[in-house]
Amino acid sequence: MMHAADVREWRNRDVVDAESHKIGVLEAVYVDTTTDEPAMATVRTGLPTRHRLVFVPLDDAIAGPDYLRVGYVRTLVKQAPSIGTDDVLPVEQEEAIFKHYGLAYKPGAAGERQLARR
């Protein structure tokens, strides 16, 4: 299991899929607001002049010395909902990220966000 205390060390690591294909570079980690444990990461992808941030779950992620291996194939991650590099995830887009990966979305009882950036 990944721990929130390790999050700062992950920034700028390469993110690779299970077959070691590079997906992009880790930009930020989002924690589950109910557990405060890492849940999703944003990965910087695209051309140098047109970067975007795609979301990928960290449920099966493994941290290596200079990479973060995720349990999803590169093509699925690159098709995930994305935001611009200077944008903030709108609350109404959270559920779409979970649906993209076939995961259950559980907002708080009062409609609070499930994800918070760290």
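You'll find the structure just up there.
Residues numbered from 1 in each chain as written. Predicted model: local features only at pLDDT ≥ 70, side-chain atom pairs only at ≥ 80, totals over all residues. Heavy atoms only, no water.

Asker: Hey, could you run me through the overall build of the protein chain in this one?
Answerer: In terms of regular secondary structure, the protein chain is built from three helices and eight strands. Helices and strands in the protein chain line up, N terminus first, as α-β-β-β-β-β-β-α-β-α-β. A burial count over the protein chain gives 37% of its 118 residues as buried. When the accessible surface of the protein chain is totalled, it reaches about 6700 Å², and 49% of it is carbon and sulfur. (Helix = DSSP H or I, 4+ residues; strand = E, 2+ residues; numbered from the N terminus. Buried < 20%, exposed > 50% of the residue type's maximum accessible area, 1.4 Å probe, protein only. Areas by Shrake-Rupley, 256 points an atom, 1.4 Å probe, with all protein chains shown as cover.)

Asker: When you look at the pattern of salt bridges in this model, what are you seeing that I'm missing?
Answerer: Side chains that carry opposite charge are capable of pairing whenever their charged atoms lie near each other. According to the stated counting rule, one finds five salt bridges in the structure shown. The residue Lys22 makes a salt bridge to Asp14 at a minimum N-O spacing of 3.3 Å. Take Lys22: its relative accessible area is 43%, and that puts it in the partly exposed class. Among the residues examined, Asp14 registers a relative accessible area of 29% and is labelled partly exposed. Overlapping salt bridges bring together Arg11, Glu27 and Arg44 as one network. (Salt bridge = Lys/Arg side-chain N within 4 Å of Asp/Glu carboxyl O.)

Asker: I'm lost on the packing of aromatic side chains in this one. Help?
Answerer: By convention here, two paired aromatic rings are described through the distance between centres and the angle between planes. Scanning the model with the defined rule gives three aromatic pairs in all. Each ring, one from Phe98 and one from Tyr105, has its centre 5.3 Å from the other, and the planes form 55 degrees; the classification is tilted. (Phe/Tyr/Trp six-rings, centres within 6.5 Å; stacked < 30°, edge-to-face > 60°.)

Asker: Would you mind showing me how to read the pairing of strand 2 (residues 22-32) here?
Answerer: Look at any regular strand and the pattern is simple: side chains alternate between the two faces of the sheet. Counted residue by residue, strand 2 has 10 buried out of 11 residues, so it is predominantly covered. Hairpin connection, strand 1 (residues 14-16) to strand 2: the antiparallel pair is bridged by five residues, and Ser20 has positive phi, about 65 degrees. The sheet contact formed by strand 2 and strand 3 (residues 38-47) spans six bridges and is antiparallel. Residue pairing in the sheet places Leu26 in a bridge with Val43 of strand 3. In textbook terms, the turn of a hairpin is the stretch between consecutive antiparallel strands, and for strand 2 and strand 3 this stretch comprises five residues, one of which, Asp36, has a positive phi near 60 degrees. Pairing geometry for strand 2 and strand 8 (residues 115-117), over three bridges, is antiparallel. Each bridged residue has a counterpart across the sheet, and for Val31 the counterpart in strand 8 is Ala116. (Pairing = 2+ DSSP bridges.)

Asker: Please explain the environment of Leu115 as it appears in this structure.
Answerer: Looking at the secondary structure, you find Leu115 in strand 8. In this structure, the C-alpha to C-alpha distance between Leu115 and Asp32, residues 83 residues apart in sequence, is 5.0 Å. Leu115 has contacts with Tyr30, Val31, Thr33, Ala39, Met40, Leu89, Glu94 and Phe98, leaving out every residue within four places of it along the chain. (Contact = heavy atoms within 4.5 Å.)

Asker: So what exactly am I meant to see when it comes to unusual backbone geometry here?
Answerer: With the exception of glycine, most residues fall at negative phi, and the peptide bonds are largely trans. You will see that Asn12, though not glycine, has its phi angle at about 70 degrees, which is positive. A positive phi angle, close to 60 degrees, is found at Asp36, a residue other than glycine. Topologically, Asp36 is positioned in the loop between strand 2 and strand 3.

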